[in-house]
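One letter stands for each residue in the lines below.
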Amino acid sequence: MVSQAVSAAVEQHPVKLEVSNLEISYDGQPALSNVSLEVRENEIFGIIGPANAGKTSFLKSINRMDMFNPNMNVAGDVRFNGRDVYNLRNVYALRSRIGVVFPLPVGLPLTVYENVALAPRLKGVKDKAELDVIVERCLARAALWDEVKDRLDSLGSLLSGGQQQRLTIARALSQDPELLMLDEFSIAVDPVTTMRIEDVLKDLKNEMTIILVTNLVQQARRLADRTAFFLEGECVEIGETEALFTGEVKDQRTRDYVEGRFG
Amino acid sequence: MTEDTMSLFEETALNAKNKRVQGLYRTLFMLMTLLLITPVVIILATLVVKGSAVLSIDFLFTDPTDGMTAGGIFPALLGTVWLVTVALLVSVPLGVAAAIYLSEYAPDNWFTRLINLAIINLAGVPSIVHALFGVGAFVIFFGFGTSILAASLTLAIMTLPVVIVATRESLQAVPQAFREACWNMGATRWQTIRKVVLPNSISGILTGVILEVSRTTGETAPVMFTGAAFFLPFLPQSVFDQTMAMSLHLFVVSTQVPHVPEALPYGVALVLIGMVLIMNSISIAFRMYLRGKKKW
């Protein structure tokens, strides 16, 4: 069991997500074992770790993406707003409250406008003016508005990779989520845009909770309030981000990873 | 340039051998292709040469006369349109719904696999067996008699596997990532199908449907047993009437009626194959149009 240091500032916040004894396996092959952690409201919770550490599986277990993959098996307790997500009547309501961005961009084969208007429409927003506002706000926040404002009617799936990733982020924001889960979002985005999106994330923190999975250790350092280090299906350490980087770590493996000695 | 860099581009014995072998295979495959299209060319050429003499607007739009040795083919043409249309009205909604269920909803378990296996096998059932099933089920058991309805239902059952397989393949060509992105926003399966999956597969589904039409048009045995008549002095008024059909009419004028002028069966065959070719051309044009605006 890993101790959880909670900074004084974040400690005041209510718990948004509570995970205890989480075990994930695929076809009986364990991918993540015995993870327990808490994510608090309005914090950016970083997860770092090399490939195959179980970071993505962790995210998938939170919004019930195990339902998409019959081989994926989840045990343990995941509570979102105090509710057990593995014992929910309305999984659609859960998903609509959680925005997800994965490493590879998915521009749906709809127009740019429809990509971003889809989630509000699913929620029943019909008013064109209201949709216009949402679409512009989300695209602007994803640092994409200036590039696409003149071609909102062209297909989202025909944008460049980096633009599609920002479209994906805009779409996640259009859900007006309580929790935003970003999985290595910057892989498909250029460094300048990455910095712009990072600035947006710092702002968004005031409105929502963010879980940021990243393979860029420095990105976690720049953004995350607290960071967890996952390694080979194990949550090695959770701590305040600065503490991890200034050497206040309990586990030698964490120090080696953040200092770039393996990975 | 030095000796060394020159020799880099000289042909070695191995290069020469590879080139010879590659030429050999290329020629072989090209010959196979030519062999393949030969019968098609011969059939078309024969039909055009021998049958075009009888072709005219009148031929298409008048009744057969003189014991079917003269006149046109209008009742058969109309009958085929009837049969194909009713068959489509049944098989498309059924087949598309079943394919959507199998592709989008059904869990991957032994039961689903069994259904898929059954569909593939159904596609392999000979049409004469379907014909006899149609007689038993629709003509006798349901009491439709020999009628357009019974014949079309038989055709529909026969072509269902084609519709299901074509639809399922178009649905599965839509990347899974699109579905998951949509589900992750809180969309239900049906919302995802309606907003993302169907709009991007509808073209493939329609292509499959058109191919099915062209197949239905030419079937003889199933309609012969269940609803198509040798000769009728009147046009069908409803789906409970019998009808003439192009495929059966061709069979009749080729083998059953004495003293038919030689050009007549060829003309009927030419119209039949023309109907099928027009359908196929539409389907090919459609596919080309879609490939042009592929969306991902």
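If you're wondering where the values come from, they're calculated on a predicted model, not measured in any experiment.

(A) Structural context of the overall build of chain B. Within chain B one finds 13 helices and two strands. Relative to the 2.2 N^0.38 estimate, which gives 19 Å for 296 residues, the radius of gyration of chain B is 25 Å and therefore markedly larger than a compact globule would have. Expressed as a percentage of its 296 residues, the buried residues of chain B come to 38%. Within chain B, contacts between residues at least 6 apart in sequence are counted, and of these 75% link residues at least 24 apart.

(B) Spotlight on the overall build of chain A. Secondary structure assignment for chain A yields 11 helices and 10 strands. Over its C-alpha trace chain A gives a radius of gyration of 18 Å, about what one expects of a compact globule, namely 18 Å for 263 residues. Along the first, second and third principal axes, the C-alpha atoms of chain A reach 55 × 40 × 35 Å. Sequence-distant contacts, at least 24 apart, represent 69% of the contacts inside chain A between residues at least 6 apart.

(C) Just the interface of chain A and chain B, in detail. Contact with chain A, which involves 17 residues of that partner, is made by 17 residues of chain B. Counting only elements with at least two residues in the side of chain A that touches chain B, the list comes to helix 3 (91-96) and helix 4 (112-122) of chain A. Tallying contributions element by element places helix 3 of chain A first for the side of chain A that touches chain B, with four residues.

(D) Up close: the domain arrangement of chain A. Residues and elements named next belong to chain A. Partitioning chain A into structural domains gives domain 1 (1-97 + 178-263) and domain 2 (103-176). Counting residues at the interface gives 13 residues for domain 1 and 14 residues for domain 2. The greatest single-element share of the side of domain 1 that touches domain 2, amounting to four residues, is contributed by helix 8 (residues 191-204). Across the side of domain 1 that touches domain 2, the residue classes tally to seven nonpolar, two polar and four charged.

(E) Layout of the environment of A:D66. All names here are of chain A. Within the secondary structure, D66 sits in the loop between helix 2 (55-62) and strand 4 (72-80). A count of 18 C-beta atoms within 10 Å places D66 in the partly exposed class. Taking C-alpha positions, D66 is 9.8 Å from Y26, a pair spaced 40 residues apart along the chain. In this structure, D66 is in contact with K60, S61, M72 and V74, ignoring residues within four places of it in sequence.

(F) Spatial organisation of the nonpolar core. Of all hydrophobic cores here, the largest spans 143 residues; its most connected members are A:I211 and A:L212. Of the residues forming this core, the biggest block, 15 residues, is contributed by helix 7 (residues 148-172) of chain B. Viewed by domain, this core spans two of them, domain 1 (1-97 + 178-263) and domain 2 (103-176) of chain A, each represented by three or more residues. In this structure, A:I211 is in contact with A:V39, A:F45, A:I47, A:L59, A:L179 and A:M181, ignoring residues within four places of it in sequence.

(G) Just the environment of A:V85, in detail. Residues and elements named next belong to chain A. Looking at the element boundaries, V85 is found in the loop between strand 5 (83-84) and helix 3. Taking C-alpha positions, V85 is 9.1 Å from S61, a pair spaced 24 residues apart along the chain. Setting aside chain neighbours within four positions, we find V85 in contact with I62, R64, V78, F80 and L94.

(H) Representation of the pairing of strand 1 (residues 15-26) of chain A. Residue and element names in this part refer to chain A. Of the pairings in the sheet, the one linking strand 1 to strand 2 (residues 29-40) comprises eight bridges and is antiparallel in character. The partner of L22 across the bridge, within strand 2, is V35. With antiparallel pairing between neighbouring strands as the criterion, strand 1 and strand 2 make up a hairpin whose turn holds two residues, including D27 at a positive phi of roughly 50 degrees. Inspection of the sheet shows strand 1 paired to strand 4 by eight bridges, in the antiparallel sense. Paired with S20 across the bridge in strand 4 is D77.

(I) Broad picture of unusual backbone geometry. Despite not being glycine, A:N42 has its phi angle at roughly 60 degrees, a positive value. Mapped onto the elements, A:N42 comes out in the loop between strand 2 and strand 3 (44-48).

(J) Expanded view of the UniProt feature "domain: ABC transporter" (unreviewed entry) in chain A. Within this numbering scheme, the UniProt entry marks residues 17-257 of chain A as carrying the feature "domain: ABC transporter" (unreviewed entry). Counted over residues 17-257 of chain A, helix gives 37% and strand 27%. Its end C-alpha atoms are 26 Å apart.

(K) Focus on helix 5 (residues 110-123) of chain B. An ideal rise of 1.5 Å per residue puts 20 Å on 14 residues; helix 5 of chain B measures up with 20 Å between its terminal C-alpha atoms. Little of helix 5 of chain B sits inside the fold, with zero of its 14 residues counted as buried.

(L) Summary view of the pairing of strand 4 of chain A. Residue and element names in this part refer to chain A. The pairing of strand 4 with strand 5 spans two bridges and is antiparallel. From the neighbouring strand, F80 faces strand 5, where its bridge partner is R83. Counted along the chain from strand 4 to the antiparallel partner strand 5, the turn is two residues long, and its residue N81 has a positive phi close to 55 degrees.

(M) Spotlight on the packing of helix 4 (residues 74-105) of chain B against helix 7 of chain B. Residues and elements named next belong to chain B. Relative orientation of the contacting elements helix 4 and helix 7 amounts to 35 degrees, with a least axis distance of 6 Å. Like other packed secondary-structure pairs, helix 4 and helix 7 cross with a definite hand, here right-handed. When its residues are assigned to classes, the contact of helix 4 with helix 7 shows 22 nonpolar, seven polar and two charged.

(N) Fine view of the packing of helix 4 of chain B against helix 10 (residues 202-218) of chain B. All names here are of chain B. At a closest axis distance of 10 Å, the pairing of helix 4 and helix 10 adopts a crossing angle of 140 degrees. Considering the angle they form, helix 4 stands oblique to helix 10. The two elements helix 4 and helix 10 cross, and the hand of that crossing is right-handed. Of helix 10, the residues touching helix 4 (which contributes T80, V84, A87, L88, V92 and V96) are I205, V209, V213, T216 and T217. Class assignment for the residues of the contact of helix 4 with helix 10 results in eight nonpolar, three polar and no charged.

The rules we used
Residues numbered from 1 in each chain as written. Chains lettered and ligands numbered in written order. Predicted model: local features only at pLDDT ≥ 70, side-chain atom pairs only at ≥ 80, totals over all residues. Helix = DSSP H or I, 4+ residues; strand = E, 2+ residues; numbered from the N terminus. Rg over C-alpha atoms; globule rule 2.2 N^0.38 Å. Buried ≥ 20, exposed ≤ 12 C-beta atoms within 10 Å, placed from the backbone. Contact = placed C-beta atoms within 7 Å. Domains from an automatic or database assignment. Nonpolar A, V, L, I, M, F, W, Y, C, P; charged D, E, K, R; others polar. Core = buried A, V, L, I, M, F, W, Y, C linked by C-beta atoms within 7 Å. Pairing = 2+ DSSP bridges. UniProt positions renumbered as here; feature names shortened; annotations may be inferred. Expected span 1.5 Å × (residues − 1). Axes fitted to C-alpha atoms, helices over the stretch in contact; angles between N-to-C directions. Left-handed = near helix turned anticlockwise from the far one by under 90°. Parallel < 35°, antiparallel > 145°, perpendicular 65-115°, else oblique.

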